[in-house]
Amino acid sequence: MSFEIIFIFALLALALFLFATDYVSFDVASIILLVCLLASGILTPQEGFAGVSNPATITIAAMFVISEGVRRTGLLNKAGNFFCDKMEENYWLWLFIMLLFVSFASSFMNNTAVIMIFIPVVIDIAARIGVSASKLLMPLAFAGIMGGINTLIGTSTNLLVSSIVQDRGGQAFTMFDFAPMGLILLTGGFLYMYLAGYNLIPARRKDDELTADFQMQGYLTDLLVESESNLIGEFLDETSLTSELDLDILRIFKTASDSSATRTKTKIEAGDILRVRGSASEIDKLLRREDLSLVPTSEWVDVDLQHGRDALVEAAVAPESTLEGRKLKDIDFYERFGAIPLAIRHHGELKQEDLKEVRISGGDTLLLSLSSDRLQDISNDPSFVISSEVDIMRPRTDKTYIALAILAGVVGTAALNLAPIVVSAPAGVILMILTGCITKEEAYNAINWKVIMLLVGVLPLGTAMDKTGAAGLIAESVISVLYDFGPIAVLSGFYLLTMSITAIISTNASVALLAPIAIQVANQIGVNAEPMVLAVSYAACLTFITPFGHHANTLIYGAGQYKFTDFTKVGLPLNLLFWILATIFIPLIWPL
């Protein structure tokens with residue numbers, strides 16, 4: 001075994017470690033891998049940076065923008081409101097139709113964007129009909145995931161697989177090559193969810209107000225400014241007032257007005273009320289000043305925190321957000337959004353104390369108190385998904401038909417082979433900007449740059465595996481274990497292996513690592529490579545076992561108040577069902 005192969009195996013081990021842990025974010029991990037490959041001399045700079053110009057990288061970036069352009073028209077919001085009304089009439093029928101719509105929309109748009117729109121809709125539906133939102137959010141996410149596998153552009157993984165096949169001399173997949181098997185899996189998934197899966201989903205989230213939902217009763221206090229206080233006549237200096245205390249001043253309430261004042265632009269007067277977030281023990285420390293006194297309050301409700309210009313929102317941290325891995329104390333929420341975090345649901349655990357030390361992860365949900373005139377700021381930030389507000393975004397309804405026509409043009413041009421998707425998708429981006437469906441700033445913000453950097457760093461690893469012979473060596477090991485059982489067993493083994501790996505690392509990373517090996521195995525045993533890589537693609541996309549295997553699962557994790565094991569209980573049987581269906585039908589549709 002040569003040094004280069006040993007080095008590649010060590011790099012693969014490093015990749016799995018970095019992708020499976022939170023030691024560094026996965027985009028940084030991918031660049032580490034790229035630098036190692038270049039520094040070792042295994043890849044030339046041209047080979048190493050080929051991921052930048054790879055058709056998959058360009059097309060995925062473009063589709064992020066096109067999906068955002070359609071979202072900005074408010075079309076999905078209208079559809080959500082429509083289903084919200086209809087499900088009060090016939091719950092089971094319209095639940096099926098809504099999930100079918102979500103699957104269809106996810107076939108042509110970024111499924112994460114579709115799920116983001118429907119999360120507040122589903123929570124509103126659950127409140128109206130008296131059903132736990134947890135019972136609806138998981139089917140919503142699963143429907144979006146299953147819908148994305150049906151077209152070339154439905155998920156970035158399909159685009160990536162197509163590019164890997166093409167780079168190795170194969171024929172790129174066309175727009176609807178994934179649909180025959182995808183529709184079989186979608187049908188099986190819907191049957192499972194209706195016959196068994198729905199009943200396995202626990203009713204975690206209650207139809208409570210946000211203050212009750214985040215258990216804020218013991219963490220909100222009103223304090224009266226006494227007439228002898230040395231604070232009178234001064235602007236609020238929260239830093240000095242709450243120094244070394246785990247407290248936040250939410251608002252100042254003036255006795256001469258029925259509305260709240262901002263924290264920093266109003267002088268303190270005798271009789272003012274300071275509304276404070278913090279535990280009883282921290283409040284007791286503040287009361288040692290003796291010029292502040294407690295104001296008796298009854299049970300807190302949402303309206304108490306929506307007084308005057310105040311708003312109360314629940315915001316989920318988007319997967320792969322720029323905030324991931326940062327502590328709350330390192331993010332100036334008040335400066336950035338005019339918001340103060342009151343509580344956070346982190347990895348399924350509710351926290352109201354020591355918030356500043358919490359390191360944010362995708363799927364966390366924050367309860368935020370903020371000025372109503374700043375709602376637009378946080379709604380427009382791609383780092384957050386607002387769960388408690390549906391109509392914050394000002395939709396460009398006059399651009400709806402234009403955006404849909406552009407999307408249809410991108411799809412149709414590629415489907416009819418008039419131009420490759422790597423040409424039609426960027427053209428669609430240009431048209432979206434020129435027609436005003438999306439601004440240049442929104443277009444840049446719509447691109448998930450972490451995914452792009454992942455592709456830039458990971459795609460060359462596949463090239464290095466081919467170049468050094470590491471992929472062939474792994475392929476021989478796979479063949480030695482499974483070949484005696486026949487090529488279908490090899491395909492089934494790849495599906496199971498990919499499904500297992502994707503439970504701990506991202507879908508695109510698992511495909512970038514395993515698809516080249518699948519092609520090598522197919523070439524060595526003399527069978528068609530397309531069924532093998534399709535098995536890898538479907539297995540990577542259809543991951544339901546953990547809340548972190550797919551972005552859609554991560555999005556609903558906090559909003560649905562699920563436990564980690566809830567996904568395993570509901571998702572594992574579905575994953576096994578898809579494994580069986582893929583083993584049976586992929587060789588029938590794509591003969592080996």
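Parameters at a glance
Position labels on residues start from 1 in each chain and follow its written sequence. For this predicted model, a pLDDT threshold of at least 70 governs which residues receive local features, and a threshold of 80 or more governs which side-chain atom pairs are given and counted, while totals over whole chains, interfaces and linings are taken from all residues. Side-chain measures here rest on the full set of heavy atoms in the structure, leaving out hydrogens and waters. Axis definition: a line fitted to C-alpha atoms, over the contacting stretch in the case of helices. Angles run 0 to 180 degrees between N-to-C directions. A run of H or I in DSSP counts as a helix once it spans at least four residues, and a run of E counts as a strand once it spans at least two, with each numbered from the N terminus. Reported orientations rely on four angle classes, namely roughly parallel under 35 degrees, roughly antiparallel over 145, roughly perpendicular from 65 to 115, and oblique for the rest. Only heavy atoms matter for contacts: two residues are in contact if any of them lie within 4.5 Å across the pair. Basically, the charged four are Asp, Glu, Lys and Arg, the nonpolar ten are Ala, Val, Leu, Ile, Met, Phe, Trp, Tyr, Cys and Pro, and anything else, Gly included, counts as polar. Exposure classes here rest on a 1.4 Å probe applied to the protein chains alone. A residue is buried below 20% of its type maximum, exposed above 50%, and partly exposed in between. We define a polar contact as two N or O atoms separated by no more than 3.5 Å, with the added condition that, inside protein, one atom must be a possible hydrogen donor and the other a possible acceptor, whereas residues neighbouring each other in sequence contribute only through side-chain atom pairs. Stacked, tilted and edge-to-face are the three classes applied to pairs of Phe, Tyr and Trp rings, where Trp contributes its six-membered ring and a pair requires centres within 6.5 Å; stacked means planes under 30 degrees apart, edge-to-face means over 60, and tilted covers the rest. Side-chain atoms within 4.5 Å are what join buried Ala, Val, Leu, Ile, Met, Phe, Trp, Tyr and Cys residues into a set we call a nonpolar core. The definitions used throughout rest on a 1 Å grid laid over the protein atoms alone, on which a cavity is an enclosed set of points accommodating a 1.4 Å probe that cannot get out and a pocket is an open set flanked by protein within 12 Å on both sides along at least five of seven lines; lining residues are those having an atom within 4 Å of a point. Grid points are joined across faces, edges and corners, and a volume is the space filled by probe spheres set on the points. Expected span, for any helix, means 1.5 Å times one less than how many residues it has. Like-charged residues are merged into a patch within 9 Å and nonpolar side chains (Val, Leu, Ile, Met, Phe, Trp, Tyr) within 5 Å, provided each residue has over 30% relative accessible area and no salt bridge. For the area figures, the Shrake-Rupley method with a 1.4 Å probe applies, and any residue is considered shielded solely by the protein chains shown. The salt bridge definition used is simple: a Lys or Arg side-chain nitrogen within 4 Å of an Asp or Glu carboxyl oxygen.

A. Quick peek at the packing of helix α20 (residues 449-468) against helix α21 (residues 470-482). Close contact between α20 and α21 brings their axes to 4 Å; oriented N to C, the two are set at 80°. Looking at the two axes, α20 sits roughly perpendicular to α21. Seen from α20, the contacting residues are Met-465, Asp-466 and Thr-468; seen from α21, they are Ala-470, Ala-471 and Ile-474. Grouping the constituent residues of the contact of α20 with α21 by class yields 4 nonpolar, 1 polar and 1 charged.

B. Local environment of unusual backbone geometry. For Gln-215, which is not glycine, the phi torsion reads 50° and is therefore positive. Structurally, the position occupied by Gln-215 is in the loop between α12 (210-213) and β1 (220-225). Despite not being glycine, Asn-417 shows a phi value in the positive range, around 60°. With respect to the helices and strands, Asn-417 occurs in the loop between α17 (400-415) and α18 (421-434). A residue is classified by how much of its surface remains accessible, and Asn-417, at 59% relative accessible area, is exposed.

C. Here's a closer look at the side chain of Ser-134. Along the chain, Ser-134 turns up in helix α9 (residues 134-148). When neighbours within four sequence positions are excluded, Ser-134 is seen to be in contact with Ile-201, Pro-202, Ala-203, Arg-204, Arg-205, Gly-560 and Tyr-562.

D. The arrangement of the environment of Asn-528 in detail. Examined against the element boundaries, Asn-528 turns out to sit in the loop between α23 (507-525) and α24 (529-541). Here Asn-528 is in contact with Ala-522, Pro-591 and Leu-592, once residues within four sequence places are set aside. Looking at Asn-528, its side chain comes within polar contact range of the main-chain oxygen of Pro-591, at 3.4 Å.

E. Quick look at the packing of aromatic side chains. Across all of its chains, the model carries 23 aromatic pairs by this definition. Aromatic pair Phe-108 and Phe-176: ring centres 6.4 Å apart, planes at 70°, arrangement edge-to-face. Of this pair, Phe-108 sits in helix α7 (residues 91-108) while Phe-176 sits in the loop between α10 (156-167) and α11 (179-200), placing them 68 residues apart in sequence. The exposure class of Phe-108 is buried, given its relative accessible area of 17%. Ring geometry for Phe-178 and Tyr-538: centres 6.4 Å apart, planes at 85°, overall edge-to-face. Of the two residues, Phe-178 sits in the loop between α10 and α11 while Tyr-538 sits in helix α24, which places them 360 residues apart along the sequence. Residue Phe-178 shares its accessibility class with Tyr-538, and that shared class is buried.

F. View of the nonpolar core. Among the nonpolar cores identified, the biggest contains 157 residues, and Phe-19, Phe-118, Ile-119, Leu-137, Tyr-538 and Leu-542 are the most heavily contacted of them. For this core, the element with the highest residue contribution is α23, accounting for 12 residues. Discounting residues that sit within four places of it in the chain, Phe-19 has contacts with Phe-26, Ala-29, Ser-30, Leu-33, Leu-454, Val-458, Ile-504, Ile-505 and Ala-509. Leu-328, Ile-331, Leu-370 and Ile-386 belong to the second-largest nonpolar core, a separate cluster that totals 21 residues.

G. Inspection of empty space enclosed by the protein at higher detail. Taken as a whole and assessed by the stated rule, the structure comprises 2 cavities of 30 Å³ or more. Roughly 90 Å³ of internal volume is contained in the largest cavity. Elements that contribute at least two residues to the lining of the largest cavity include exactly α7, α9 and α11. The leading source of residues in the lining of the largest cavity is α11, at 5 residues. Tallied by class, the residues present in the lining of the largest cavity amount to 11 nonpolar, 1 polar and no charged. By volume, the second largest cavity is sized at about 50 Å³. Forming the boundary of the second largest cavity are 11 residues, of which Leu-250, Arg-251, Tyr-334, Gly-338 and Ser-369 lie nearest the centre. At the level of secondary structure, the elements contributing two or more residues to the lining of the second largest cavity comprise β2 (248-253), β7 (339-346) and β9 (365-371). With 3 residues, β9 is the single largest residue contributor to the lining of the second largest cavity. Taken together, the residues of the lining of the second largest cavity break down into 5 nonpolar, 3 polar and 3 charged.

H. Just helix α5 (residues 55-72), in detail. The terminal C-alpha atoms of α5, which comprises 18 residues, lie 26 Å apart, in line with the 26 Å expected from a rise of 1.5 Å per residue. Of the residues flanking the start of α5, the one acting as N-cap is Asn-54, its side-chain oxygen 2.8 Å from the backbone nitrogen of Ala-56. The positive-phi residue at the C-terminal boundary of α5 is Gly-74, with phi of around 80°.

I. Seen up close, the environment of Leu-368. Note on placement: Leu-368 falls in strand β9. The exposure class of Leu-368 is buried, given its relative accessible area of 0%. When the C-alpha positions of Leu-368 and Glu-314 are compared, they lie 6.3 Å apart, and in sequence the two are 54 residues distant.

J. Region of interest: the side chain of Thr-211. Note on placement: Thr-211 falls in helix α12. Contacts of Thr-211, omitting those with residues within four sequence positions, involve Met-216, Gln-217, Trp-300, Val-301, Asp-302, Leu-305 and Leu-312.

K. Looking closely at a nonpolar patch on the surface. Side chains of Ile-580, Ile-584 and Leu-588 sit close together on the surface and give an oily, nonpolar patch of about 300 Å² of accessible area. Here Ile-584 lies in helix α26 (residues 564-589).

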